[in-house]
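Take a look at the letters that make up each chain.
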Amino acid sequence: MPEFLAAILSEIAPSRLDEIKATLARVEDNRSRGQTPVSDDDAAYINARQAYDRALYDLACQRANN
């Protein structure tokens, strides 16, 4: 991602490229370092919340179309 940002910003502000690269070099890499296992209870909770959110969304769409 830092390389992508540097490429875009070099197009927008080429005169500040050194400053941009220095700033991006200080940004901590926050990419996932692997998978964190999810317990069955946590997965059930997440799935229930997603189902609830989807039901609310569907209801909102239905009401908007009536």
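Residues numbered from 1 in each chain as written. Predicted model: local features only at pLDDT ≥ 70, side-chain atom pairs only at ≥ 80, totals over all residues. Heavy atoms only, no water.

Asker: Explanation requested: the overall build of the chain in the structure shown.
Answerer: Helix and strand content of the chain: three helices and zero strands. Helices and strands in the chain line up, N terminus first, as α-α-α. Split into buried and exposed, the 66 residues of the chain put 5% on the buried side. Counting every atom, the chain has about 6300 Å² of accessible surface; 54% of that belongs to carbon and sulfur. (Helix = DSSP H or I, 4+ residues; strand = E, 2+ residues; numbered from the N terminus. Buried < 20%, exposed > 50% of the residue type's maximum accessible area, 1.4 Å probe, protein only. Areas by Shrake-Rupley, 256 points an atom, 1.4 Å probe, with all protein chains shown as cover.)

Asker: Hey, could you run me through a nonpolar patch on the surface in this one?
Answerer: Taken together, Phe4, Leu5, Ile8, Leu9 and Ile12 make up a surface patch of nonpolar side chains, about 440 Å² in accessible area. Locating Ile12 in the fold gives a position in helix 1 (residues 2-12). The class of Ile12 is exposed, set by a relative accessible area of 62%. (Patch = residues over 30% accessible without salt bridge, like charges linked within 9 Å, V, L, I, M, F, W, Y side chains within 5 Å. Salt bridge = Lys/Arg side-chain N within 4 Å of Asp/Glu carboxyl O.)

Asker: What exactly am I supposed to notice about the pattern of salt bridges here?
Answerer: Any two side chains of opposite charge can pair, so long as their charged atoms come close to each other. Summed over all chains, the structure comprises two salt bridges. Between Glu19 and Arg16 there is a salt bridge; the shortest N-O distance is 2.7 Å. Between Asp58 and Arg54 there is a salt bridge, and its shortest N-O distance comes to 3.0 Å. With Asp58 and Arg54 both in helix 3 (residues 40-65), this residue pair falls four residues apart, about one helical turn.

Asker: Any chance you could explain the environment of Arg16 here in plain terms?
Answerer: Relative to the helices and strands, Arg16 is located in the loop between helix 1 and helix 2 (17-26). Reaching out from Arg16, the side chain makes a polar contact with the side chain of Glu19 at a distance of 2.7 Å. (Polar contact = N/O pair within 3.5 Å; in protein donor to acceptor, adjacent residues only side chain to side chain.)

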